[in-house]
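Summary of the model geometry
Below, each chain spelled out in residue letters.
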Amino acid sequence: MMAASPDDSLRPRVGLIYDERMCRHTTPDGEAHPECPERIRAIWKKLESEGIPRRCVLLNARKVEDKYLASVHTQNHIELIKNISSKEFDSRRQKIASELDSIYLNVGSSEAAYLAAGSVIEASEKVAKGDLNSVIAIVRPPGHHAESNEAMGFCLFNNVAIAANYLLNEKPELGIKKILIVDWDVHHGNGTQKMFYKDPRVLFFSVHRFDFGDFYPSGDDGAYCMIGEGPGAGYNINVPWEHGQCSDADYIAVWDHVLIPIAKEYNPDIILVSAGFDAAIDDPLGGCCVTPHGYSLLLQKLMQFAQGKIVMVLEGGYNLKSIANSVLACAKVLLQEESVGSIQTATFKSTWRVIEAVRHELKGYWPVLDVELPQNLLITNSRPCPAEVTYSSSESDVENDEGTARTINFSDFVEDDVLLPLSKLKIDEELVTSNEIVDGYITWRSLLSKVEVWYASFGSNMWMPRFLCYIEGGKVEGMSAPCCGSLDKSSPKDVIWKIVPHRLLFGRSHTRTWGAGGVAFLDPERSTSDKAYLCMYRITLEQFNDVLLQENSLHQENGIIKQMASPLLDLHILEYVAKNKSLPLKTLKDGWYSTVLYLGKEDDLPILTMTCSASDVERFKSGELPASVPAKDYMNTLVNGLVEGKQLTREEAVAYVNGAATWKL
């Protein structure tokens, strides 16, 4: 450990750890990757340019001992990471990495992982002893996604969890009995959460993009209802953003109304910050807008606790300029130097909604939260939520007429992602009941339940019992799992049939519902030489949104449909689809039925269906995506629909399906 300058005797003693050996962990083939060595080099270069190392205490990195890793990781996982860079694994290393979630491995990975974990232990022990007031650990690979038995999300060992266990279990003489872990990385710290989920000695706090379970690492772990178990109940706090673009004001609001009140009651002995900077402005993965000044304020607010004993550990952050400037701003705060900046934006309405949900969930454990937030705060200090959708002017989701993707921002039309002004509704206001209106606004479900459309089915939904699974819930013969159904379980008001000049085709090779075999798609391009049968159901636009959600397999949350904060297809997007005939929805970009197709009108109501993108059709043609005949049970639903709908005889229906399945794309 190198001493600071005597001139700085009155300055807080802030430690710094950086070691170039951690840069040896790189992609094996030299390909570009967001989690690259330049991340920590950019930070170190920025700190050096500002003279920060001269005003700090420089600590030497050290490798972790296996016995400390074993406090949170399984022996198999430790052995894998320990040996993965050896010659023994040269022929298998890339295959092992490919089987993990978002991981690369090379000859420098083992050493970097051991140094990162050991350095965070070193930093934590120095602060716990009182040798230093705080430490910034500029380490990689990051750690908060790593689980006990598996590396994931760029993380090999869970650096912060290892250090926390070290302080609690290996060094009781240091008097660390309560640890606050603050994870402000834009991604949920799933690994850290699981390691302390039942342990009240660790208060784990994570604020992250959640997007209703669709943002990495996906699933339910980052939901606000995940509050801990057994003796750890109430000691796990998740603040899940509903969308991107959250900025300084949103984070400060969460600090002031969730984290700070709880931290005061908890009174931690030390604070470990999982400091990911991927919520920063211009980060390529995070999509949020936190400034360096914003991060410095978050850190400054934490310094009032644990006598200022803070260890700031680098996690994510992939814009080199943003991450360097943000760490610099935090370093200046720890050194108690002036921080310059201001909060320029208001808080999203959705942020207040999330804050209130989190406070409600935790108030039984933290009485300080059992107080209503002032209504004037919620009304005056808020802004509408972002709403945007990617589209193309052709029927391809890849290019428009100019050859580039384009974006419509509907924030000009939509006041909020959940609520629309009553004054802007183009419906009979007498149909709206008083309990559907909140402070002069009407919920999007209430609005879209008054709008009718025709849903045109060309696949298994042509058979009405199968389609009703998407409305009422349940399953028919041949389905491996039931559908959750729509929130509105009303039956269609009418059912009619129509033939359109589009090609029916079968693509993919396996589905979760039907098993091996292809499923039906409708080519978005019109073709006068082709015809496809459509069974059209007259349903509400609210129901269409629920069907669209289920059809794209975004509904798996304990078999219950997710509560959509905003519709996938609202009135403004519907108007655009009607004018342009099709629209690939950005929010469904990973779904198989992500393109909404407009097929004209019937009884003055729009006819809508959902299918693959035009680019997927080209991939079926080229063989990049498999084109397979349907499974027997799936085919039976199509045939049953055509026969019971009195469109074709059974023989004709079988021939129609077989012809589409064997068509030479």
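Residues numbered from 1 in each chain as written. Predicted model: local features only at pLDDT ≥ 70, side-chain atom pairs only at ≥ 80, totals over all residues. Heavy atoms only, no water.

Let's shift gears to the overall build of the chain. Helices and strands together make up the secondary structure of the chain, namely 19 helices and 23 strands. Per-residue burial over the chain gives 58% buried out of 665 residues. For the chain, contacts bridging at least 24 residues in sequence account for 74% of all contacts bridging at least 6. Surface accessibility of the chain: about 27,200 Å² in total, with carbon and sulfur atoms responsible for 49%. (Helix = DSSP H or I, 4+ residues; strand = E, 2+ residues; numbered from the N terminus. Buried < 20%, exposed > 50% of the residue type's maximum accessible area, 1.4 Å probe, protein only. Contact = heavy atoms within 4.5 Å. Areas by Shrake-Rupley, 256 points an atom, 1.4 Å probe, with all protein chains shown as cover.)

All right, on to the sheet that holds strand β14 (residues 452-457) then. Read from one edge of the open sheet, six strands run β15-β20-β14-β23-β22-β21, paired in mixed fashion. The open sheet is flanked by β15 (495-500) and β21 (582-584), the only strands paired with a single partner. Averaged over all neighbouring strand pairs, the angle between strand axes comes to 30°, with direction disregarded. Both strand β22 (residues 595-602) and strand β23 (residues 605-611) contribute to a ladder of six bridges, which runs antiparallel. Opposite valine 596, over in β23, you have methionine 610 as the bridge partner. Of the strands in this sheet, β14, β20 (532-540), β22 and β23 touch helix α15 (residues 541-551), which is tilted by about 125° from β20. (Pairing = 2+ DSSP bridges. Axes fitted to C-alpha atoms, helices over the stretch in contact; angles between N-to-C directions.)

Mapped onto the elements, asparagine 159 comes out in helix α6 (residues 159-170). A distance of 3.4 Å separates a polar side-chain atom of asparagine 159 from the backbone nitrogen of alanine 117. Each residue touching asparagine 159, except ones within four places of it in the same chain, is listed here: Ala113, Ala116, Ala117, Val120, Val139, Pro141, Pro142 and Gly143. (Polar contact = N/O pair within 3.5 Å; in protein donor to acceptor, adjacent residues only side chain to side chain.)

Further remarks concern the side chain of aspartate 183. Among the secondary structure elements, aspartate 183 is positioned in strand β4 (residues 179-183). One buried charge, aspartate 183, has no salt-bridge partner; the nearest side chain with opposite charge is arginine 39, at 11 Å. From its side chain, aspartate 183 meets the backbone nitrogen of aspartate 185 in a polar contact 3.1 Å long. Residues contacting aspartate 183, with those up to four places away along its chain left out, are His144, Gly189, Phe204, Phe205, Ser206, Val207 and Ser274. (Lys, Arg positive; Asp, Glu negative; His and termini not counted. Salt bridge = Lys/Arg side-chain N within 4 Å of Asp/Glu carboxyl O.)

Moving on: α6. Working note: α-helix, 3.6 residues per turn, so residues spaced by three or four point in the same direction. Here α6 is twelve residues long and its end C-alpha atoms lie 15 Å apart, about the 16 Å a rise of 1.5 Å per residue gives. Taken across its twelve residues, α6 has ten buried, putting it largely inside the fold. Buried residues of α6: Asn159, Val160, Ala161, Ile162, Ala163, Ala164, Asn165, Tyr166, Leu167 and Leu168, and no others. (Expected span 1.5 Å × (residues − 1).)

Let us look at the sheet that holds strand β3 (residues 134-137). Strand order in this open sheet of eight strands is β2-β1-β3-β8-β7-β4-β5-β6, and the pairing throughout is parallel. Across the chains shown, the open sheet's two edge strands, defined by having one partner strand only, are β2 (57-59) and β6 (236-241). Shown here is a sheet whose adjacent strand axes are inclined to one another by a mean of 15°, direction ignored. As defined by bridge partners, β4 adjoins strand β5 (residues 202-209) across five bridges and the pair is classed as parallel. Counterpart to leucine 180 in the pairing with β5 is leucine 203.

This paragraph deals with the confidence of the model for the chain. Scored by pLDDT, the chain comes out at a mean of 86, with 86% of its residues at no less than 70. Every residue in residues 1-6 is under pLDDT 50, and counting partners more than four places away or in other chains gives ten contacts. This stretch, residues 387-442, has a pLDDT under 50; its non-local contacts, to residues over four places away or in other chains, come to 114 contacts. (pLDDT = per-residue confidence, 0-100.)

This part covers helix α3 (residues 75-83). Along α3, the residues that are buried comprise His77, Ile78 and Ile81. Down the axis of α3, the smallest arc covering the buried residues is 100°, so these residues share one side. In this structure, the buried side of α3 is in contact with α2 (66-69) and α5 (109-129). (Arc of directions from axis to C-beta.)

The next subject is unusual backbone geometry. Residue proline 141 is reached from arginine 140 by a cis peptide bond, and omega for that bond is 0°. On the secondary structure map, proline 141 appears in the loop between β3 and α6. Residues tyrosine 216 and proline 217 are joined by a peptide bond in cis, for which omega reads 10°. Of note, proline 217 is situated in the loop between β5 and β6. Residue aspartate 603 is not a glycine yet carries a positive backbone phi of 55°. Mapped onto the elements, aspartate 603 comes out in the loop between β22 and β23.

When you tally the buried positions in β23, you get seven out of seven residues, the bulk of the element. When β14 meets β23, the two strands line up parallel, connected through two bridges. Opposite tyrosine 455, over in β23, you have leucine 608 as the bridge partner. Hairpin connection, β22 to β23: the antiparallel pair is bridged by two residues, and aspartate 603 has positive phi, about 55°.

This part takes up the pairing of β14. Within β14, six of the six residues are buried, which leaves the element mostly enclosed by the surrounding structure. Burial along β14 is two-sided: Glu452, Trp454 and Ala456 facing one way and Val453, Tyr455 and Ser457 facing the other are all buried. Judged from the six bridges that link them, β14 and β20 form a sheet pairing that is antiparallel. If you follow tryptophan 454 over to β20, its bridge partner there is arginine 538.

A separate point is the nonpolar core. Core analysis: the biggest nonpolar cluster contains 126 residues, and Trp184 and Trp255 have the highest contact counts within it. Leave out the neighbours within four places in its chain, and tryptophan 184 touches Val207, Trp255, Val273, Ser274, Ala275, Gly276, Phe277, Tyr295, Leu298, Leu299, Met312 and Cys330. With 74 residues, the next largest nonpolar core counts Tyr537, Val547, Tyr576 and Tyr598 among its residues. (Core = buried A, V, L, I, M, F, W, Y, C linked by side-chain atoms within 4.5 Å.)

Bringing the packing of helix α8 (residues 248-266) against helix α11 (residues 349-362) into the picture now. The interhelical angle for the contact between α8 and α11, taken along N-to-C directions, is 10°, at an axis separation of 10 Å. Judged on the interaxial angle alone, α11 and α8 are roughly parallel. Side by side, α8 and α11 meet where Asp250, Ala253, Val254, His257, Val258 and Ile262 of the first sit next to Thr351, Trp352, Ile355, Val358, Arg359 and Leu362 of the second. A per-class count over the contact of α8 with α11 returns eight nonpolar, two polar and two charged. (Parallel < 35°, antiparallel > 145°, perpendicular 65-115°, else oblique. Nonpolar A, V, L, I, M, F, W, Y, C, P; charged D, E, K, R; others polar.)

Before going further, it helps to examine the packing of aromatic side chains. Enumeration over the complete set of coordinates arrives at 21 aromatic pairs. When the ring of tyrosine 455 is compared with that of phenylalanine 544, the centres are 6.0 Å apart and the planes differ by 65°; the resulting orientation is edge-to-face. Remark: phenylalanine 544 occurs in helix α15 and tyrosine 455 occurs in strand β14; sequence separation between them is 89 residues. Of the two residues examined, tyrosine 455 and phenylalanine 544, each falls in the buried class. (Phe/Tyr/Trp six-rings, centres within 6.5 Å; stacked < 30°, edge-to-face > 60°.)

Inspection of the secondary structure puts glycine 230 in the loop between β5 and β6. Taking the C-alpha atoms as reference, glycine 230 lies 5.7 Å from lysine 198; in sequence the two are 32 residues apart.

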